[in-house]
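# Architecture and fold: a report
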Amino acid sequence: MVGLYIQNSKDSACAGRLTMEFACGFVYVPPSVSQKDGQRPNVIKRSALLPPVNRIRPRNPPPPPPTNSADAKSQTSLSSPPKIIEQLEKSREVKKVVKPAPFYENAAFHNKPEAAASINKHPQQTSPRKTALLPPHMRPAANSQPPSSSNTNSQTFTYDLPKSEPDLNEPPWDPNYSYTTPEGTGGQVKLPADANTVSAQTSVPPLPPRPSFMRSMPEYLVLLPSSHSSASSLSDPPLVPSPTHKGNSDAGPLPGNPNVVLVSLGKLISEERVQTIEGEPTSCSQCGSVLDSCYDNVVNVCYFCQCGELTSSTSIPQCPLSGYQDGLFLLHPDKKPPSAADPLLLFCIDISGSMSITSQVSEGEHVVHRSRLHFVQEAVLQCVQRLSKQTPDIQVGLITFNYQVTMHGYENVMSQVLSGAVLTDSDYLKETAASFPSPPPLSQTKDYLKRQVMGLSESGTTALGPAALLAIAMASRQPGSKVIICTDGKANTELGNLEVEDNDARTLLSSTIFYQGLGEYAANQGVTVSVLSIEGTDCRLDELGRLADRTRGKVVIASPKSLHPEFELIIENRTIATHCTVSLLLPKSLRMKGERDVGHKGIREVGNVDPDTEITFQFGANEHDGEVSTPTLGGRVSVQLQVRYRLRNGQTMLRVITADRDVTDESSAALSSLSLAIIQLNSSHASAALAVRGRFLDARREGELQRKLIERAIEHNRNAEDKQTYQEWVKTMEPIYNNTHNFTRRKSVVSDSQSLTDAGAALLYAMKHSNRKSISLKNKHKL
């Protein structure tokens, strides 16, 4: 079995990827979570008292400090010109990080903010010693400090730049120009006879301050721009490629949650090329994870729960399971399944007095009035006619209800009518349904069934609860059977009464419990229940729809004229598997989100599966358990999916898919690999599930977070198709975002809770069980 499992994993890897899809190509961990344990790559926890990591220790010790200022000036002036040029060349390539406080010979001038601002505003291309020649109209006033020279026409002021702050705007050094201005003399420039020898001066008079009216560049000079000009301001940022706006927006943590898994149950169960392995797989006794049997005698610890107790001697490593694995197991191969039979189709029709309300219909040039029951009769007869031609072996039954419930018989079976006190006894109703004979194939009962449908008439109250129980109990004989309830009003008899919401909270609570339990009973028996109400009526679909919600049926509001197409859509949606349970197992560093079973394992009771069934899971980093470390960035984690279901022939199957994913906290990587269709589907599922339970604020918050994530992904990827899909999805989610008040009833008299209107319930139940094909079609539901 071990070798067969490995070979099967290779053959069905492609098929498994189509049935288990991740919305993101990575397991995304927000930076705030990944930094919690200091798990950033190449980061070492250091004490704050230690020097910085990038500090460079000098190779040579620093020179001794000068004994007096004259020695310091002499030492500065005797520095060789090649070293100055080398420093200037390096300054254009290396960005200044931290510089020591410069030593200015004329500190009074350099500390003036006006002078500093003027230098930054009008820089010049000069040597380290800047010289300004004053034209006659800009000479200092008579009361200003006298210059060091008596010749006013050639009056010269010199200003020093400190050695530690070279001029970044100086043009490249010309090797043909051999003269270099010495530093630090502070006196008037005199060209020496030999440019290589500079005499140091020990005493220099102080420099006069720069006059306030003097500009760094005279007005008669105009600086012409050039493509490679270096006359930009010293305050400009260095010429380093700055990140684009998209890069800045992708640097922060992502809103919402991109860690979503989509499971296409219809494709997964209907696959035929996956080879079956007979027998129970090796599994962990604690978490139930299926272990890879190719790892023998390695360790005895489960990767997912870190438990050492296994159900066999096989063991696995603590590292992620290698590769992509896929296995299909036939459980209990020695158990003989019951004989497979065609499922039942039961019409449960309301014939109460309200079904006599008429609507206008145009027939040619005439306008006639038809009752609601008449429209239902026509729709059922058309369905029977089509089924008798396409699937003559299908078994079709009829149950009607008003103040009593009638199980209609066949040619050789008498109809049975239940009324009075027996309609309040659930056990008696189940026994009666179990003893009533199953209908023969439609090919034998077609004519008799048509006569029964045409002979229906309206009267009395609405015993919907007992009729639904009888229909489900009768259909439970064959897993995969369908029950279609068609009504135009609230149930108003004792069992399942829905008309007492404003009078008796206890009765309403008992009715809610009744329909929840009835839905569980139907799902456990493999029965799908769909509810079809007539437009313009109030049936309390928020409560009655629980039957369809638990059994994955449909909740539909249809006009009297469109009943037949809705009946056909429900009938065509065949059930391919029942008793389906989906489990998603994660390592303890991750946890499920939005699931009732919080932790590293999520379990979803799906029940019945049709070819288009798709479900989604959310997961993320385990931030609540301080004893468990977060996923290691750059590492890989394994995620295991288990789908247990029962085929129509009674065989119990187990499908196991294990996939690996890299861990990252880079937002751009997650956005680039994001599948918007999966995120949108998960948002519809999660928001609708919260709203159905009355948690409207949580539903809106969930939808808003995922919408921000989708908008950010669209901005990052700039895909026109994604933008169009997003606009359609926003229309679908509009009730969640802005129109919550349109599909909620007024607050009850006996409680502060709010319930859904029929239109709101139909919309939210449809969103909760939608798939990628149908997500763009929900705009037809108008509130």
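Residues numbered from 1 in each chain as written. Predicted model: local features only at pLDDT ≥ 70, side-chain atom pairs only at ≥ 80, totals over all residues. Heavy atoms only, no water.

## Some details on the overall build of the protein chain
- Tallying secondary structure elements over the protein chain gives 21 helices and 22 strands in all.
- Expressed as a percentage of the 783 residues in the protein chain, the buried residues total 46%.
- Sequence-distant contacts, at least 24 apart, represent 76% of the contacts inside the protein chain between residues at least 6 apart.
- Here the protein chain displays about 40100 Å² of accessible surface, and carbon together with sulfur accounts for 52% of that area. (Helix = DSSP H or I, 4+ residues; strand = E, 2+ residues; numbered from the N terminus. Buried < 20%, exposed > 50% of the residue type's maximum accessible area, 1.4 Å probe, protein only. Contact = heavy atoms within 4.5 Å. Areas by Shrake-Rupley, 256 points an atom, 1.4 Å probe, with all protein chains shown as cover.)

## Comments concerning the pairing of strand S17 (residues 577–585)
- Of all the nine residues making up S17, seven are buried; the element is thus mostly covered by neighbouring parts of the structure.
- Both S17 and strand S19 (residues 601–609) contribute to a ladder of seven bridges, which runs antiparallel. Residue pairing for S19: Ala577 is matched across the bridge by Val609. (Pairing = 2+ DSSP bridges.)

## Considering the confidence of the model for the protein chain
- Mean pLDDT over the protein chain works out to 75, with 62% of the residues at or above the 70 mark.
- When the criterion is pLDDT under 50, residues 1–7 qualifies, and its contacts beyond four places in sequence or with other chains add up to 16 contacts.
- Scored below 50 in pLDDT, residues 147–159 makes 32 contacts in the model with residues more than four places away or belonging to other chains. (pLDDT = per-residue confidence, 0-100.)

## A short note on the pattern of salt bridges
- Within the structure shown, the criterion is met by 17 salt bridges.
- Lys490 is the partner of Asp538 in a salt bridge, and the nearest nitrogen-oxygen pair spans 3.5 Å. Highlighted residues: Asp538 in the loop between strand S15 (528–534) and helix H15 (541–551) and Lys490 in the loop between strand S14 (482–487) and helix H14 (505–524), separated in sequence by 48 residues.
- Taking relative accessible area as the criterion, Asp538 reaches 31% and is therefore assigned partly exposed.
- The network of salt bridges with shared partners includes Arg540, Asp542, Glu543 and Arg546. (Salt bridge = Lys/Arg side-chain N within 4 Å of Asp/Glu carboxyl O.)

## Some words on the packing of helix H18 (residues 676–692) against helix H19 (residues 696–717)
- Packing of H18 against H19 brings their axes to within 8 Å, and their N-to-C directions diverge by 170°. Classified by the angle their axes make, H18 and H19 are roughly antiparallel. Contact residues: H18 offers Leu676, Ile679, Gln680, Asn682, Ser683, Ala686, Ser687, Leu690 and Ala691, while H19 offers Phe696, Asp698, Ala699, Glu702, Gly703, Gln706, Leu709, Ile710, Ala713 and Ile714.
- Residue composition of the contact of H18 with H19, by class: eleven nonpolar, six polar and two charged. (Axes fitted to C-alpha atoms, helices over the stretch in contact; angles between N-to-C directions. Parallel < 35°, antiparallel > 145°, perpendicular 65-115°, else oblique. Nonpolar A, V, L, I, M, F, W, Y, C, P; charged D, E, K, R; others polar.)

## Structural notes on the sheet that holds strand S18 (residues 590–593)
- The sheet built from four strands is open, its strands ordered S1-S5-S20-S18 with antiparallel pairing. Bordering the open sheet on either side are strand S1 (20–22) and S18, each of which pairs with just one other strand. Across the sheet, the mean angle separating the axes of adjacent strands is 30° when strand polarity is ignored.
- Pairing geometry for strand S5 (residues 260–264) and strand S20 (residues 614–621), over five bridges, is antiparallel. When the sheet's bridge partners are listed, Val261 is paired in S20 with Phe617.
- Contacting S1, S5 and S20, H18 runs over the sheet at an angle of about 95° to S20.

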